[in-house]
Structures are given as C-alpha cells and as structure tokens.
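Survey of secondary and tertiary structure
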Amino acid sequence: MGNGVELISDGEGLAVIGSADDVERFLLDQGLNPAQSTALDVRRLGPIIGAGGAAARMGSDFAANSGRWVKLTAESAEAVKHYGLMDTDTPGVSHAMIGKRGDIQQWLQISKAPGALLSGPFALSALSTIMQQQAMQQQMDRIVDYLQEIDEKVDDILRAQKDAVLSGMIGVDLVVEEALTVREQVGRVSEVTWSKVQATSMTIARTQGYALRQIDAIAEKLEKADDLGDLAKRTREAEPRVREWLTVLARTFQLLDGVSVLELDRVLDSSPEDLDSHRLGLAIARQNRRDLIARSTARILAQMSTTIGKANSKVLFNPFDSPAAVRASREVASGVVTFRDALGIESVHDDVDAKPWRSAAGEVLERVRTSGAEGAATVKRLGVEGIDRATGMFRPLDIDGDGVPDQPRAAAGIQRAGSAVKGAAGSAGGALSGLFKRKGSDAVDDSGEDSDANA
C-alpha cells in the first residue's frame, strides 16, 4: 500500500502504522505533533504472527514499517472519529486503513480489514497490548516528573517510617526497577525475571491502601475542626503530611503500572491466547485503583474548599486566622491537584484567594447602607400612613347635617373643650417655665458662678 497507514485505537491511545514518512505525514496533516508521539516497536509482533514462509514473506514489511502512538486527546480523537474506525474481533480495539490515491490530497479509507502486517491470529491483540503498555509507561513517566517537581524522594519518606507496611516498599522498588531495566535491554520478560516480580504486587497494594487510609484520616480530622483558629492550625500541620502520603501513593501507582507492563510481556510470550482477557482485566483493575484514589483525594479537595469558604466568611472578625487558613488550604489543594493531574485524574477545584479584610469590611458597609435605605423607605411609607391617619382628625365635619362641612373633628372637639384646654395649656406652660428656671439656677459650676456667666 503506497502512501497509506493503518489506524488502531483501544480507546485510550491511537497507533499509526506504516512507513516512517507516511506516518509522519499523516500526523502532520491531522495537526498532531510527531514529537509528542511515541515510537512503537512493531518488530515485537514478529513472534506472534508465526514462523515459516508467512513470517519470511512479511520480514520486509516489518523492516519497512514503523509505528507511532499518541494518547487520545480532543485532537487525536477527532482523527479517529473522522475516519470511522471499525470494531474488530479484538475486544475494545477498532481499526481502519487509509491512504492517498493519485493526486488526491485527502486521506481516504481504503479498506476495513487489517493489512498483512496485522493479519495474524493474535497480531491485533499483541498490538493492543503494546499500546496499553505504552499508555502505562507514559503515566509512569509523568509520575517521575511529578516526584521531581515536588522534590520529594520516596525512599527518604519510606525510610523515615517505622511502620513495617511502608518499609517493605523499599525492597519492592528495587526489584521492579531492576526487572524493567532488564526488559528494556532484552526486549522481553523471562521466566526468571518474572519469578522475582510476581510476588511484589501484594506489598505495593497493601502500601497503597495504607496511604489512602492516612489521607482519609487527615480529611476526617479537618472536618471535625469547628474553631477557625484550630482549623487553620490543623490545615497547616496537614499540608506536609498530605504531600508525603501523596508521594507514596504516586510511587505505588507507578510501581503497579510497572508490574502490569512486565505481566503483559510475560503473558504475551507464554499464553497469547489469553492476552485479550488478561489485558482487559488489568485495565479494569487499574481504573478501579485510579477511581479509589480519585475519591479519597476529592474528599481532601472538598474540605479545602469548605475551609476557604468558611475562612473568607469570617475574615472581618478573624483578620489573622482567616488568611492563614486560606493560605494553608490553597497549598494543600494545589498539591492534590498536581498529584491528580500526574495520575490522569481530572480535578474541578476553584483556586479562591483569601478575601482582604478591607473587602469584607466594604461588603458589611454596603449591606448597612442597603438596609439603611430600605429602612428609610419603610419609615417614609409608615410616616405617610401615620400622617394620613392623624390628619383625618382635621378633615371637615358636617355638624348640623345640612350637607355642608362645618368644622374639622379636632376643631369641634377643641371648641367644646373651651377654656379647659386653655387652662391646661397655661398650667403646663407655667410648669415648664418653672422647670427651666430651676435647671438654670442649678447649673452652677464649682466656683459658684452661673453657667451663663461663664459662657
């Protein structure tokens, strides 16, 4: 097939197989950077396809072809969708053959069946296994970058722990790393190499479970803190502990991926007929581990969001504890998000900064002004109603029944009161006058002089 490539997808990655020039041309045409892809050694498919004349005839195909693997992202997934990859007999694997004919510049699907390179009974299973190993290897590399970024050495953390569960991880680390190094040099996993590794999974899983329980315990302790000062203190104390346990979790996830890579190689050599079921089983187990870690770390993120919200709501009366709690919470949350990203776990977390005290005070003043305006409007409304009721006493009243208003109610009442009202007013005026006179005479300073005189 001239100017053609084969596309294979397992839902997590996309393999592009063909001549080196055609593979690179296809990636560039799709807007995919070849530098961000990883080489696939298709020569490892040779032993799976078989021996004899068929393998001999295909020897030139292996020599002339190469493969690149790219992780499925929005861009690479669009390429899969555009070319309509068809399901194959291999579970979870889809395939398409595309090429350019004549002067046509666009890549077109030219066949639905795998080409000769992948026509062996276990060839697609083997290739999908290699793709799965590639995905795990990329994840392992990301974890290495994560550990370097946070400048944490897992061995130092493990050695600092007296717990037997963690101390056993040091030996496991050495065994798995040694086996991966041998695999890289030899190209396969021998029975001897596998015998050294196969018992390590239990120790790694036990350590991972222990670390998850420690993360949950930290989250539970933070959830029980009510006082803001205590919460800030606990969050500060939790930050280095969370970082250490995340480091242990990252290393256990990396080592389990390494063991899975070795395990798939061993099955590929010894029982290729079981390859599909084994590959799918490992993929499910790996996703279950990721989900478990995602739930545990999500609890920490949720608690950090709660702490930040609580601290910002109380900054007005806690100008020192509140910012401290926010800073500590942001540090913890940032570390958790970075860790989750290294493991391919999406995070939904708003990075909220500490609310300035002046901002909180301004909000309170604004609420006061708002409530004050509302209060003034209420007073005004009630005042109008009160005035209306009060002036009702002064509306004209028809006294003699001739239909013509004569006097207001209050005026009529006052007229009937007559001199009694005048007398009462006079008495009141006299009483008030006397009262003021007495106050004036009493308002004398220590020198005996009148206060008016001192003015």
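Preceding block: the structure.
Position numbers for residues start from 1 in each chain and track the written sequence from start to end. In keeping with the model being predicted, local features are shown solely for residues with a pLDDT of at least 70 and side-chain atom pairs are shown and tallied solely at 80 or more, while totals for entire chains, interfaces and linings include all residues. The side-chain quantities take in all heavy atoms of the structure and omit both hydrogens and water.

Some points on the nonpolar core
Short version of the rule: Buried Ala, Val, Leu, Ile, Met, Phe, Trp, Tyr and Cys residues that are joined via side-chain atoms within 4.5 Å together make up what is termed a nonpolar core. Accessibility here uses a 1.4 Å probe with only protein chains present; expressed as a share of the type maximum, an area under 20% marks a residue as buried, one over 50% as exposed, and anything in between as partly exposed. Helix numbers and strand numbers start at the N terminus; a helix is a DSSP run of H or I with at least 4 residues, a strand a run of E with at least 2. Two residues form a contact once any of their heavy atoms are found within 4.5 Å.
In this structure, Val 242, Trp 245, Leu 246, Ile 300, Phe 339 and Leu 343 are the most contacted members of the largest nonpolar core, which totals 31 residues. By residue number, the principal contributor to this core is helix α10 (residues 228-270), which donates eight residues. When neighbours within four sequence positions are excluded, Leu 246 is seen to be in contact with Tyr 146, Ile 215, Thr 297, Gly 335, Val 336 and Phe 339. Of all hydrophobic cores here, the second largest spans 15 residues; its members include Leu 14, Val 23, Phe 26 and Tyr 83.

A closer look at the pattern of salt bridges
Going by this rule: In the sections that follow, a salt bridge refers to a side-chain nitrogen of Lys or Arg positioned within 4 Å of a carboxyl oxygen of Asp or Glu.
If you walk through the whole model with that rule in mind, you get 16 salt bridges. The residue Arg 234 makes a salt bridge to Asp 230 at a minimum N-O spacing of 3.1 Å. Of this pair, Arg 234 and Asp 230 both sit in helix α10, four residues apart, roughly one helical turn. Given the relative accessible area of 25%, Asp 230 is considered partly exposed. Connected through salt bridges with shared partners, the residues Glu 12, Asp 257, Arg 286 and Arg 289 form a single ionic network.

Some details on the packing of aromatic side chains
Put simply, the rule is: Classification of ring pairs rests on two measures: the distance between centres of Phe, Tyr or Trp rings, Trp counted by its six-membered ring, which must be within 6.5 Å, and the angle between planes, read as stacked under 30 degrees, edge-to-face over 60 and tilted in between. Two limits define a charge over a ring: the Lys NZ or Arg CZ must be within 6 Å of the ring centre, and within 35 degrees of the ring normal.
Under the definition given, this model contains three aromatic pairs. Measuring from ring centre to ring centre gives 5.9 Å for Phe 26 and Tyr 83, while their planes differ by 50°; the resulting arrangement is tilted. In this pair, Phe 26 is assigned in helix α1 (residues 20-29) and Tyr 83 in the loop between α4 (74-82) and β5 (86-87), connecting sequence segments 57 residues apart. Of the two residues examined, Phe 26 and Tyr 83, each falls in the buried class. Arranged with centres 5.9 Å apart and planes meeting at 65°, the rings of Tyr 146 and Phe 339 form a pair that is edge-to-face. Taken as a pair, Tyr 146 in helix α5 (residues 123-149) and Phe 339 in helix α12 (residues 321-342) lie far apart in primary sequence, 193 residues in all. Above the ring of Phe 253, the side-chain terminus of Arg 289 is found at 5.7 Å from the ring centroid.

Focus on the packing of helix α9 (residues 200-223) against helix α11 (residues 275-313)
Any two packed helices are characterised by how steeply their axes cross, that is the angle between the axes, and by the distance between the axes. Put simply, the rule is: Geometry is summarised by axes, namely lines fitted to C-alpha atoms with helices restricted to the contacting stretch, and by angles between N-to-C directions that run from 0 to 180 degrees. Orientation categories follow fixed angle ranges, with anything under 35 degrees roughly parallel, anything over 145 roughly antiparallel, 65 to 115 roughly perpendicular, and all other angles oblique. Left-handed describes a crossing whose near helix is turned anticlockwise from the far helix by less than a right angle; the clockwise case is right-handed.
One can describe the packing of α9 onto α11 by two numbers: an axis separation of 9 Å at closest approach and a directional angle of 20°. By the angle between their axes, α9 is roughly parallel relative to α11. Viewed along their axes, α9 and α11 form a crossing whose handedness is left-handed. Contact with α9, carried on its side by Gln 208, Leu 212, Ile 215, Asp 216, Ile 218, Ala 219, Glu 220, Leu 222 and Glu 223, involves Arg 289, Leu 292, Ile 293, Ser 296, Arg 299, Ile 300, Gln 303 and Met 304 of α11 and no other residues of that element.

Structural notes on empty space enclosed by the protein
How we decide: Both site types are read off a 1 Å grid over the protein atoms alone. A 1.4 Å probe that fits but cannot get out defines a cavity, while an open set with protein on both sides within 12 Å along at least five of seven lines defines a pocket; lining residues have an atom within 4 Å of a point. Grid points are joined across faces, edges and corners, and a volume is the space filled by probe spheres set on the points. The residue classification treats Ala, Val, Leu, Ile, Met, Phe, Trp, Tyr, Cys and Pro as nonpolar and Asp, Glu, Lys and Arg as charged. All others, Gly included, are polar.
Under the counting rule described, the total for this entry stands at two cavities of 30 Å³ or more. If you add up the space inside the largest cavity, you get close to 60 Å³. Lining the largest cavity we find Ile 218, Lys 221, Leu 222, Arg 234, Glu 237, Ala 238 and Arg 241. Elements with a contribution of two residues or more to the lining of the largest cavity: α9 and α10. A per-element tally of the lining of the largest cavity places α10 first, with four residues. Classifying every residue of the lining of the largest cavity by side-chain character gives three nonpolar, no polar and four charged. Counted as a void, the second largest cavity has a volume near 50 Å³.

Looking at the packing of α9 against α10
In contact at an axis separation of 9 Å, α9 and α10 are set at 160° when each is read in the N-to-C sense. When the axis of α9 is compared with that of α10, the two are roughly antiparallel. Viewed along their axes, α9 and α10 form a crossing whose handedness is left-handed.

Brief notes about α4
The following threshold applies: Regarding the arc, it is the one traced by the directions from the helix axis to the C-beta atoms.
Those residues of α4 lying buried are Ser 76, Ala 79 and Val 80. The buried residues of α4 occupy one face: seen down the axis, they fall within an arc of 100°. Summarising the geometry of α4, the exposed residues directed more than 90 degrees from the buried face are Ala 74 and Lys 81. Considering only its buried residues, α4 is in contact with β1 (4-9), β2 (13-18) and β4 (66-71). Once α4 ends, the next one or two residues include Gly 84, with phi positive near 55°.

A closer look at the pairing of β1
Across a regular strand the side chains alternate sides, sitting on one face of the sheet and then on the other. Using the following cut-off: Here the rule is simple: two strands pair whenever DSSP picks up at least two bridges between them.
Burial analysis of β1 places six of its six residues in the buried class, which makes it a mostly covered element. Sheet analysis places β1 next to strand β6 (residues 94-99), joined by six bridges and oriented antiparallel. Opposite Glu 6, over in β6, you have Met 97 as the bridge partner. Sheet topology note: the β1/β2 ladder contains five bridges and is antiparallel. Paired with Ile 8 across the two strands is Ala 15, which belongs to β2. The antiparallel pairing of β1 with β2 creates a hairpin that spans three residues between the two strands, and Gly 11 there sits at a positive phi of about 90°.

Some details on the pairing of β6
Counted residue by residue, β6 has six buried out of six residues, so it is predominantly covered. Here β6 shows a buried face lined by Ser 94, Ala 96 and Ile 98 and a second buried face lined by His 95, Met 97 and Gly 99. Here two bridges tie β5 to β6, and the two strands are oriented antiparallel to one another. Residue pairing in the sheet places Asp 87 in a bridge with Ser 94 of β6. Taken together, β5 and the strand that follows it, β6, pair antiparallel across an intervening segment of six residues, in which Gly 92 is found at a positive phi of about 80°.

Considerations on a positive patch on the surface
Rules: Nonpolar side chains (Val, Leu, Ile, Met, Phe, Trp, Tyr) are joined into patches within 5 Å and like charges within 9 Å, using only residues with over 30% relative accessible area and no salt bridge. Computed by Shrake-Rupley with a 1.4 Å probe, the accessible areas treat only the displayed protein chains as cover when residues are assessed. A residue counts as positive if it is Lys or Arg and as negative if it is Asp or Glu; His and the chain ends are not included. For the purpose of locating charges, the reference atoms are NZ of Lys, CZ of Arg, CG of Asp and CD of Glu.
On the surface, a cluster of positive charge is contributed by Lys 221, Lys 233, Arg 236, Arg 241 and Arg 327. Here the element with the most residues in the positive patch is α10; it accounts for three residues. Relative to the helices and strands, Lys 233 is located in helix α10. Judged by relative accessible area, Lys 233 falls into the partly exposed class, the value being 45%.

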